[in-house]
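Take a look at the letters that make up each chain.
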Amino acid sequence: MASTKDSDSGFNLLSHDEPPAVTLHRRDARSGFLFTCDHASKRIPSALGDLGLPASERERHIAWDIGALGVAERLGMHFNATLIAQNYSRLVIDCNRPPHIASSIPRISEETVIPGNEDLSNGETEARRREIFTPYHEEISTRLDDRSAAGQETILVSVHSFTPVYKREERPWHIGLLYNRDERFAAPLRDLLSAPGDLVIGDNAPYAVSDETDYTIPVHGEARRLHHILLEVRQDLIEDDEGQRRWAERLAEVLMGAGQAVGISAFA
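Quick summary incoming for the structure in this document. (Residues numbered from 1 in each chain as written. Predicted model: local features only at pLDDT ≥ 70, side-chain atom pairs only at ≥ 80, totals over all residues. Heavy atoms only, no water.)

Thoughts on the layout of surface pockets
- Here the largest pocket is characterised by a volume of approximately 750 Å³.
- Residue lining of the largest pocket: 40 residues in total, with D94, R97, S103, P106 and S109 positioned closest to the centre.
- At the level of secondary structure, the elements contributing two or more residues to the lining of the largest pocket comprise β6 (108-109), α3 (122-149), β8 (155-162) and β13 (227-234).
- Looking at the lining of the largest pocket residue by residue, the class counts come to 14 nonpolar, 13 polar and 13 charged. (1 Å grid on protein atoms, 1.4 Å probe; cavity = no way out; pocket = protein on both sides within 12 Å on 5 of 7 lines; lining within 4 Å. Points joined across faces, edges and corners; volume = space filled by probe spheres on them. Helix = DSSP H or I, 4+ residues; strand = E, 2+ residues; numbered from the N terminus. Nonpolar A, V, L, I, M, F, W, Y, C, P; charged D, E, K, R; others polar.)

Description of the sheet that holds strand β12 (residues 201-203)
- Taken together, 7 strands build an open sheet; the order of strands is β3-β5-β4-β8-β13-β11-β12 and the sheet is mixed. With one partner strand each, in any of the chains shown, β3 (22-25) and β12 form the two edges of the open sheet. Across this sheet, the average inter-strand angle for adjacent strands is 20°, counted without regard to direction.
- Here strand β11 (residues 175-178) runs beside β13; their pairing, made up of 4 bridges, is antiparallel. Bridge assignment links L178 to a residue of β13, and that residue is L230.
- With respect to the sheet, α3 is in contact with β3, β4 (33-37) and β5 (82-86), its orientation differing from that of β5 by roughly 170°. (Pairing = 2+ DSSP bridges. Axes fitted to C-alpha atoms, helices over the stretch in contact; angles between N-to-C directions. Contact = heavy atoms within 4.5 Å.)

A look at the packing of helix α4 (residues 186-194) against helix α6 (residues 241-261)
- Between α4 and α6, the shortest axis-to-axis distance is 8 Å and the interhelical angle comes to 135°. For the element pair α4 / α6, the angle class is oblique. Taken as a pair, α4 and α6 cross one another with a handedness that is right-handed. Counting all contacts with α4, which are made through P188, L189, L192 and L193, the residues of α6 involved are R250, V254, L255, G257, A258 and A261. (Parallel < 35°, antiparallel > 145°, perpendicular 65-115°, else oblique. Left-handed = near helix turned anticlockwise from the far one by under 90°.)

Re the pattern of salt bridges
- For the structure shown, the criterion picks out 22 salt bridges.
- The closest approach of N and O atoms between R27 and D28, which form a salt bridge, is 3.8 Å.
- When the shortest N-O distance is used, the salt bridge between R181 and E222 registers 2.4 Å. With R181 in the loop between β11 and α4 and E222 in helix α5 (residues 216-222), this residue pair connects regions lying 41 residues apart in the sequence.
- Its relative accessible area of 57% is what places R181 among the exposed residues.
- The structure contains a network of salt bridges with shared partners spanning E242, R245, R246 and E249. (Salt bridge = Lys/Arg side-chain N within 4 Å of Asp/Glu carboxyl O. Buried < 20%, exposed > 50% of the residue type's maximum accessible area, 1.4 Å probe, protein only.)

Some words on the packing of aromatic side chains
- Tallied over the entire structure, the rule returns 6 aromatic pairs.
- Between F33 and F79, the ring centres sit 4.8 Å apart and the planes meet at 45°, which makes this aromatic pair tilted. Taken together, the positions of F33 in strand β4 and F79 in helix α2 (residues 68-79) put the pair 46 residues apart, joining distant regions of the chain. In this pair, the class of F33 matches that of F79, namely buried.
- What links up through ring pairs into an aromatic cluster is the set F33, F35, F79, F185 and F267. (Phe/Tyr/Trp six-rings, centres within 6.5 Å; stacked < 30°, edge-to-face > 60°.)

Set out below in structure tokens:
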């Protein structure tokens, strides 16, 4: 599971025949929305083998946000909006964690020990940051810089999913709306989602955004004073194509309405 050595940069993590850290859809789209998917993939670089985990562990939530990419792709296509998706498992490095905290490269996730993340050298740790974390967030920064320079307003939407059961406790929410200090966009979105009365909506639940535990929203949303939201959809609702389609359609409607409420057009 060791990475390959390179004389100039310590360890190389990704081989030349593996996907890059990030996939960019519709680079120059003019929609008011820009979507990200921080935990889109369960892929592990070949240099790391299976991280010492059986397939059953590598398939579940500790490795990726099941269904999130399918919803994000459909939303991006609906609005003809830019989507930036991360191509490697959060077990390799979590692209929604500050890189200096322990859970950035987790040694244990939920109740599962990650053998391939134990006793990493500085070079191995830095390779994961350099080759996966940094390119992903540089892509987001570049797209936002370009939009700002063009005078284009942006609503940043980060799409995630959560487990219906966590450490043997059932979670009642269908969707969570996550933010930190700024609820300018969260408030109208919450009102629109609540109106039909058929959803249990988590207001900063099952998680809450903070500078200590999150990266995408604090750094790219709050620091730039952009309208933003982190969406958490329960995984059992979006684990197949039909569920992803239904939720993307429902979210598209309320996102457009919330965009109108804050004065930003969803479409170019």
